[in-house]
2 protein chains.
Amino acid sequence: MYDGLKGFRDFYPAEMGPRREVIDTLEATAKRYGFREIGTPAMERTEMYVDKSGEEIVEELYAFEDKGDREVSLTPELTPTVARMVVAKQQELSKPIKWVSTRPFWRYEQVQQGRFREFYQTNVDIFGSAEPEADAEVLAFAADAMTNLGLTTEEFEFRVSHRDILGGLLEAFDADVDTREAIRAVDKSEKIDDDEYHDLLYEAGLSYDQAAEFDALLDTDEESLDELIEFAGTDRVEAAVTNLQNVLDVAEDFGAREYCTLSLETARGLDYYTGVVFECFDATGEVSRSVFGGGRYDDLIESFGGQPTPAVGVAPGLAPLSLLLQRAGVWPDEGFTTDYYVLQVGDTREVAAEITRELRERGHVVETDLSDRSFGGQLDYADSVDAETVVIVGEQDLEDDAVTVKDMRSGDQQQVPLAEFPGDHDRPTFDDF
Amino acid sequence: MYDGLKGFRDFYPAEMGPRREVIDTLEATAKRYGFREIGTPAMERTEMYVDKSGEEIVEELYAFEDKGDREVSLTPELTPTVARMVVAKQQELSKPIKWVSTRPFWRYEQVQQGRFREFYQTNVDIFGSAEPEADAEVLAFAADAMTNLGLTTEEFEFRVSHRDILGGLLEAFDADVDTREAIRAVDKSEKIDDDEYHDLLYEAGLSYDQAAEFDALLDTDEESLDELIEFAGTDRVEAAVTNLQNVLDVAEDFGAREYCTLSLETARGLDYYTGVVFECFDATGEVSRSVFGGGRYDDLIESFGGQPTPAVGVAPGLAPLSLLLQRAGVWPDEGFTTDYYVLQVGDTREVAAEITRELRERGHVVETDLSDRSFGGQLDYADSVDAETVVIVGEQDLEDDAVTVKDMRSGDQQQVPLAEFPGDHDRPTFDDF
């Protein structure tokens, strides 16, 4: 007997059914927005990740040397791959480019609740628009997806921030501050205590007084955003505040505004974000970690060797999303149903097969005996696959040119002429006769 | 600019659309048969493959040592993984177990037409039935999937064989023959010349005369299968011939018989097959390689430490299947359409957003301006995404409480009262007004 690997999961039908339903909802929502599906490889050259994030990223990757001596890695996220793809066909693709895909990713990290080494995400990205409409479309898609999954405004919230507000404020304190390090500190601030947080800001180049002042500024509420412009006195912060307000205005028109809360402490961990960023949280706080996040990354395509191309995206992950959906009581049921079981009694396979085929051609889920089972054995199996209707094809019935139709909910059954089952009926059940 | 890896492909929407349609057809067909979707990991312990196929298999695997010093491999096929999963929950799962899944696999091999290092398969398996009905159901699923993809009996055939007929005949020549090696030789026979083929049979333990006689026996046609029983004079061959005939009889009832041709030279390369095996070929011969294959593997679950559990399955691969579908002229169109583009002229975003949302709520694919484009720029974009209807939301129209509905095929357009678009219409187009 073999074991699976730690952090890699097997999904049996009872678990896969609900997951498929959630993925289908995310993808169907994205398709209504005009996002087109792409297919992407599981492996890339390791240098693509090292160039972007530094040599230390390799520790988190499934990185190895392939048989052609290439340094390769299983993809830990989709963004670098789609950036590579955009660069490769930049001229041919009409803008905005709107892509969606669902697939696994891999990171060698500590396994914990809702976090695995193999994990699934639905990635949604827009390339080629710097307008607030694009940020708002990503927010609106995410909000629609969540409500389509059965969540309400009481269940989730998007904490919205802006990288350029954070960067601009830091710069206003001290032009030499390491904004990348400081923003990483902000990203960690909710998970560490204040002293540790201020230490990190100090290491990034702020004095302790500045760190405290910066921390206080991040508490600014929506109505007071203009105070940040005043404090910084720079075009950068003014433009960022205006941009954030514009995004929220468009989100209002597209129905996503009610889910958005200003939260400047939300920074997002990844370095490549440049503008509006957001994270989805459980509004009740019961699921304490961020459910998923997204934002604008306008510089990545250029850093990959492409023409400057603004970009914004979001990537709901199935595992943390399932924690929220389960907490809210809207994780889908197993969804394991069978429309018909065609039960064979005696030497009736030919007729049973004909009925089975006709029902399948009409698009129904139909099973019949594969195991040479008794009447009772077949009925037990029909029950185990939650069959709605059992069609009993027996030798005696067939002498009357009939079959017996049994409703599995009520247990009622009746004889039905063979010519009428399925006959002209699209989806015949007990009640049709 | 980064390159993707050799043998790994990027699918842009124009290529992904048809692939998705093919996958959807395969999966929808499987679901009608009551196959339930499972989700499986991309990685397994390397020993699982080495135990089954020997140390040399590692050369074909993406095998490496992970950061926890585990010898791991990207999954080169699904069968060992599903066998592991069956063993892990053998008691709980009701039989027959019927599973389906579509996902990528990885093998480090020579890249050629229709063969890549990353490739997609839809795996369909039945565990727990040794009856011919199970083999026939797999054949019927495969035949239905092919016809649902638009192929006819002129386009494809299933070459059906039986491992126990091959093994039984070999054994009848010489009890000491290495049947595994000999069957591998049969599997290669169409790709090598006769001398080489007979050399391989000789190496497996047949004399050259026996090799020639064996080769001739494999030409036996359906009507003469009894001659094989007579030749061998063993229960093993008799049981195998009867089993093959039974499978074909059930396949007749389930509509798959017309696609099946007896072809004892078809052996399938993998060692774990035990009973009926088959390969799908282009009936015109234009695509010369096998499109996909399947068969019975009754011993694998036990060899994985489980209770003896008969099994049969098939795994259409997307790349070779696409060669056949393209050859037959039934590869799906791009399938890239947009139901509506909502065009904004002037400061009309609020109304345009409202219309966009209402149409999306009705399930349609709707895009609107994300790039602050001119009237002409938006119309060009609507054209590029093949929008069927453009809804022009202009300031002047709005003064009349109206929008303009433009049919993109004909170019016709007319003013429609705002209250009626979409109003009560489920899917309003130019012709509705």
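Please read these numbers as outputs of a predicted model, since none were measured by experiment.

A few words now on the overall build of chain A. A count of helices and strands for chain A gives 15 helices and 16 strands. Rg of the C-alpha trace for chain A: 28 Å, well past the compact-globule value of 22 Å for 433 residues, more than 25% over. By its C-alpha atoms, chain A is 95 × 55 × 45 Å across when sized along the principal axes. When burial is assessed residue by residue, chain A has 59% of its 433 residues classed as buried. Taking the contacts inside chain A whose residues are at least 6 apart along the sequence as the reference set, 67% of them involve residues at least 24 apart. With an accessible surface of roughly 17200 Å², chain A has 40% of that area assigned to carbon and sulfur atoms. Positive and negative charge centroids in chain A, built from 39 and 96 side chains respectively, lie 6 Å apart.

Next up on the list: unusual backbone geometry. Leave glycine aside and you will find that most residues have negative phi; peptide bonds, for their part, are mostly trans. All names here are of chain B. Residue Pro96 is bonded to the preceding Lys95 through a cis peptide linkage, with omega at -5°. Looking at the secondary structure, you find Pro96 in the loop between helix 3 (79–88) and strand 5 (97–106). Geometrically, the link from Phe421 to Pro422 is a cis peptide bond, its omega value of -5° lying close to zero. Position of Pro422 among the secondary structure elements: in the segment after strand 16 (413–417). With a phi close to 50°, Asp372 is a non-glycine residue in the positive phi region. Position of Asp372 among the secondary structure elements: in the loop between strand 13 (366–368) and helix 14 (375–384). The phi dihedral of Asp386 falls on the positive side, at around 55°, and the residue is not glycine.

Quick look at the sheet that holds strand 13 of chain B now. The strands making up a sheet associate through hydrogen bonds between their backbones, and the pairing can be parallel or antiparallel. All names here are of chain B. Read from one edge of the open sheet, five strands run 13-12-14-15-16, paired in mixed fashion. A single partner strand is all that each edge strand has here, and the edge strands are strand 13 and strand 16. Here the average twist between neighbouring strands, direction ignored, is 25°. Here three bridges tie strand 12 (residues 338–345) to strand 13, and the two strands are oriented parallel to one another. Bridge pairing links Tyr340 to Val366 in strand 13. On the sheet, helix 14 packs against strand 12, strand 13, strand 14 (387–394) and strand 15 (402–407) and is oriented at approximately 175° with respect to strand 12.

On to the interface of chain B and chain A. The partner chain A presents 98 residues to the 98 residues of chain B that form the contact. Of the roughly 8500 Å² buried between chain B and chain A on both sides combined, carbon and sulfur atoms contribute 57%. At the boundary of chain B with chain A, the tally comes to 14 salt bridges. Put simply, Glu367 of chain A and Arg36 of chain B hold a salt bridge, and the shortest N to O gap is 3.5 Å. Between the two partners, chain B and chain A, sit 48 residue pairs in polar contact (both at pLDDT 80 or more).

Here we come to the pairing of strand 4 (residues 71–74) of chain A. Residues and elements named next belong to chain A. Direction of pairing for strand 2 (residues 43–45) relative to strand 4: antiparallel, over a ladder of three bridges. Across the sheet, the residue bridging to Met43 is Leu74, located in strand 4. Across three bridges, strand 3 (residues 63–65) lies against strand 4 in antiparallel orientation. Bridge pairing in strand 4 links Ala63 to Ser73.

Another aspect to go through is the pairing of strand 6 (residues 118–127) of chain B. All names here are of chain B. Buried residues dominate strand 6, accounting for ten of its ten residues. Bridge count for strand 5 against strand 6 is ten bridges, and the pairing is antiparallel. What sits directly across from Trp99, in strand 6, is Asp125.

Let's shift gears to the sheet that holds strand 2 (residues 43–45) of chain B. All names here are of chain B. With antiparallel pairing, the three strands of this open sheet are ordered in space as 2-4-3. Looking at which strands have only one partner, the edges of the open sheet turn out to be strand 2 and strand 3 (63–65). Recorded for the sheet is a direction-independent mean angle of 35° between the axes of neighbouring strands. In the packing of helix 2 (residues 46–53) onto the sheet, the strands contacted are strand 2, strand 3 and strand 4 (71–74), and the crossing angle to strand 2 comes to about 65°.

Right, let's talk about the environment of Ser384 of chain B for a bit. By the secondary structure assignment, Ser384 of chain B is in helix 14. Residues Ser384 of chain B and Ser371 of chain B lie 13 residues apart in sequence; the distance between their C-alpha atoms is 15 Å. Residue contacts for Ser384 of chain B: discarding those within four places in its chain leaves Ser94 of chain A together with Phe336 of chain B.

As a further point, take the relation of the copies chain B and chain A. By a simple turn and slide, chain B fits onto chain A: the slide is 0.0 Å along the axis, the RMSD is 0.0 Å, and the turn is 180°. One copy is carried onto the other by what is essentially a two-fold rotation axis. The C-alpha atom lying nearest the rotation axis in chain B is that of Phe64 of chain B; the distance is 3.3 Å. Both copies contact each other with a shared surface, as 100% of the interface residues of chain B are interface residues in chain A too.

Bringing helix 9 (residues 225–232) of chain B into the picture now. All names here are of chain B. Inspection of helix 9 places Leu225, Leu228, Ile229 and Ala232 among the buried residues, and these make up the whole buried set. An end-on view of helix 9 places all buried positions within 100° of arc, on one side of the element. The exposed residues of helix 9 that point more than 90 degrees off its buried face are Glu227 and Glu230. Tucked into the core, helix 9 has its buried residues touching helix 5 (163–173), helix 8 (208–217), helix 10 (235–253) and strand 8 (260–262). In the stretch just after helix 9, Gly233 is the one whose phi turns positive, near 65°.

All names here are of chain A. For the pair helix 5 (residues 163–173) and helix 9 (residues 225–232), interaxial distance at closest approach is 9 Å and the crossing angle is 35°. As helix 5 packs across helix 9, the resulting crossing turns out to be left-handed. Contacts from Ile165, Leu169, Ala172 and Phe173 of helix 5 reach helix 9 at Leu228, Phe231 and Ala232.

For the rest of this paragraph, the subject is the UniProt feature "binding site: L-histidine" (unreviewed entry) in chain A. Residues and elements named next belong to chain A. Residues annotated by UniProt as "binding site: L-histidine" (unreviewed entry) correspond here to Glu77, Leu78, Thr79, Arg107, Gln121, Asp125, Arg268, Tyr272 and Tyr273. Tracing the chain through its elements places Arg107 in the loop between strand 5 (97–106) and strand 6 (118–127). On the basis of relative accessibility, which here comes to 24%, the residue Arg107 falls in the partly exposed class. Look past the residues within four positions of Arg107 in its chain and what remains in contact with it is Glu60, Tyr62, Pro76, Glu77, Arg117 and Phe119. Within the local environment of Arg107, its side chain forms a polar contact with the backbone oxygen of Pro76, the two atoms lying 3.0 Å apart. On the basis of relative accessible area, Arg268 is assigned to the buried category, the value being 14%. Discounting chain neighbours no more than four positions away, the residues touching Arg268 are Arg163, Asp187, Tyr273, Val277, Phe278, Glu279, Gly293 and Gly294.

Quick notes on the rules
Residues numbered from 1 in each chain as written. Chains lettered and ligands numbered in written order. Predicted model: local features only at pLDDT ≥ 70, side-chain atom pairs only at ≥ 80, totals over all residues. Heavy atoms only, no water. Helix = DSSP H or I, 4+ residues; strand = E, 2+ residues; numbered from the N terminus. Rg over C-alpha atoms; globule rule 2.2 N^0.38 Å. Buried < 20%, exposed > 50% of the residue type's maximum accessible area, 1.4 Å probe, protein only. Contact = heavy atoms within 4.5 Å. Areas by Shrake-Rupley, 256 points an atom, 1.4 Å probe, with all protein chains shown as cover. Lys, Arg positive; Asp, Glu negative; His and termini not counted. Charge placed at Lys NZ, Arg CZ, Asp CG, Glu CD. Pairing = 2+ DSSP bridges. Axes fitted to C-alpha atoms, helices over the stretch in contact; angles between N-to-C directions. Buried area = accessible area lost by both parts, 1.4 Å probe. Salt bridge = Lys/Arg side-chain N within 4 Å of Asp/Glu carboxyl O. Polar contact = N/O pair within 3.5 Å; in protein donor to acceptor, adjacent residues only side chain to side chain. Least-squares fit on C-alpha atoms with pLDDT ≥ 70 in both. Arc of directions from axis to C-beta. Left-handed = near helix turned anticlockwise from the far one by under 90°. UniProt positions renumbered as here; feature names shortened; annotations may be inferred.

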